Amino acid sequence: MRGDAKSMTVLRPRSAAEAVKSYAKVPTAMPLAGGTDLMVGWNLGVLNGRSILDLSRVAEWKKINVVSDGIDIGSLVTHSEIQKHPVIRKRFPLLVAACGTVGAAQIQNRGTIGGNIANASPAGDTFPALAVYEATVRVLGQSGRRGVPISEIFAGVKKTTLKPGELIEAVFLPFTDTAPTRGVFRKVGTRAAQAISKTMFAGLLFNGKGGVLAEARLAFGSLAPTVRRLYAAESFLKGRKLDDKTINAAAELMTTDVSPIDDIRSTREYRLVVSRNLLIAFLKGEVK
Ligand SMILES: Cc1cc2nc3c(=O)[nH]c(=O)nc-3n(C[C@H](O)[C@H](O)[C@H](O)COP(=O)(O)OP(=O)(O)OC[C@H]3O[C@@H](n4cnc5c(N)ncnc54)[C@H](O)[C@@H]3O)c2cc1C
């Protein structure tokens, strides 16, 4: 079956308040942002007969606002816009790198950060960076706004903890008190573009006094149904010097927090070996 636009009802709110109101009236409506994910289903006819909540006129959600303690990225901001923003480039380079690996230029020009999060793919490329930057997803519904830590927005494969009638309005990234000493994002896929990741990693290190680590933030995507911080390895590393013994012991703790599977893109074993090597190389300062 092909997509049949005539069978769909399109709601076109002109503000965030109108969007929430329309969604409350038609709770079965499907929100549409850049459409890069939805149009795949559209072409297959899965949206035939449905109502579409077209968010493209909600101007408030297309803005990037720099505030005193961080940056607020509207949910309709595209991956391309994120890559061009000077403050995001300076303060959150891992997110810039991640957005640069989403699909290819066409997808980055249309696909939005809000759509990426709401889609909740285990391979969502922005998630490890959002996890180490400890982003908060701000959602809006009929009963008001709430902030959801990125670690709590995903409920499983393609599932979020959004409540009925809630829409994502922005993602807030707090500035860190001190600049990280080291930061890396890496995506491992089959090709340079249009690749769904086999594994991806974001890491930040903050040095403390006396040559020990004050803090490590380490996150992997594609190694579990949802993005995972390596909390066990992070707490082991805190306050230690990064020698080979410590690094290897931290890498051994990876499987406390991740549990990759075999699928059409890769095997569990490959994912674990590559991810472990990536983590070790990052901690040794061999990937920049
Ligand atoms: C060829 C191709 C390659 C791709 N490659 C990658 C890749 O490498 N990495 C990657 O991470 N993704 C990839 N994607 C997936 C997709 O492009 C991204 O997830 C993109 O960011 C989705 O954003 P969008 O605005 O297009 O979302 P849409 O398609 O408009 O929506 C996606 C989902 O989010 C919901 N939604 C959208 N906005 C909101 C909102 N504000 N509040 C609540 N729900 C909302 C929609 O209802 C829908 O369920 C690819 C897709 C294609 C077609």
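Caption draft 1: Inspection of the site of the ligand at higher detail. What surrounds the ligand is a group of 31 residues, the closest being Pro31, Gly34, Thr36, Thr112 and Asp125. Between the ligand and Asp125, the relevant distance is 2.7 Å, taken from a nitrogen atom to a side-chain nitrogen or oxygen of the residue. At 2.9 Å from a nitrogen atom of the ligand is found a main-chain nitrogen or oxygen belonging to Ile168. Out of a free accessible area of 980 Å², the ligand has 86% covered by protein chains. Those elements that provide at least two residues to the shell around the ligand are strand 2 (30–32), helix 2 (38–43), helix 7 (113–119) and strand 10 (167–174). With four residues, the single largest contributor to the shell around the ligand is helix 7. A class-by-class count of the residues in the shell around the ligand yields 14 nonpolar, 14 polar and three charged.

Caption draft 2: Here's a closer look at the domain arrangement of the chain. As assigned here, the chain comprises domain 1 (5–54), domain 2 (59–174) and domain 3 (182–284). A C-alpha centroid distance of 21 Å is found between domain 2 and domain 3. On the domain 3 side, the residues contacting the 23 residues of domain 2 number 25 residues. For the pair domain 2 and domain 3, the summed buried surface comes to about 1,800 Å²; carbon and sulfur atoms form 67% of the total. Per-residue buried area on domain 2 facing domain 3 is highest for Leu94, Pro128 and Val132; these three make up 30% of the total on that side. The tally of links between domain 2 and domain 3 comes to six residue pairs in polar contact (both at pLDDT 80 or more).

Caption draft 3: Structural view of a nonpolar patch on the surface. A cluster of nonpolar side chains, Val40, Leu44 and Val46, forms an exposed patch at the surface whose accessible area comes to about 300 Å². Along the chain, the position of Leu44 falls in the loop between helix 2 and strand 3 (51–54). The exposure class assigned to Leu44 is exposed, which follows from its relative accessible area of 57%.

Caption draft 4: How the structure looks around the environment of Gly111. Within the element layout of this structure, Gly111 appears in the loop between helix 6 (105–110) and helix 7. Once residues within four sequence positions are removed from consideration, Gly111 is found in contact with Thr36, Val77, Thr78 and His79.

Caption draft 5: Geometry of the pattern of salt bridges. What the rule picks out here adds up to eleven salt bridges. In this structure, Arg146 engages Glu166 in a salt bridge whose closest nitrogen and oxygen atoms are separated by 2.8 Å. One end of the pair, Arg146, is in strand 7 (residues 144–149); the other, Glu166, is in the loop between strand 9 (159–160) and strand 10, and 20 residues separate them in sequence. Residue Glu166 is classed as buried on the basis of its relative accessible area of 9%.

Rules and cut-offs
- Residues numbered from 1 in each chain as written.
- Predicted model: local features only at pLDDT ≥ 70, side-chain atom pairs only at ≥ 80, totals over all residues.
- Heavy atoms only, no water.
- Near = heavy atom within 4 Å.
- Polar contact = N/O pair within 3.5 Å; in protein donor to acceptor, adjacent residues only side chain to side chain.
- Areas by Shrake-Rupley, 256 points an atom, 1.4 Å probe, with all protein chains shown as cover.
- Helix = DSSP H or I, 4+ residues; strand = E, 2+ residues; numbered from the N terminus.
- Nonpolar A, V, L, I, M, F, W, Y, C, P; charged D, E, K, R; others polar.
- Domains from an automatic or database assignment.
- Contact = heavy atoms within 4.5 Å.
- Buried area = accessible area lost by both parts, 1.4 Å probe.
- Patch = residues over 30% accessible without salt bridge, like charges linked within 9 Å, V, L, I, M, F, W, Y side chains within 5 Å.
- Salt bridge = Lys/Arg side-chain N within 4 Å of Asp/Glu carboxyl O.
- Buried < 20%, exposed > 50% of the residue type's maximum accessible area, 1.4 Å probe, protein only.

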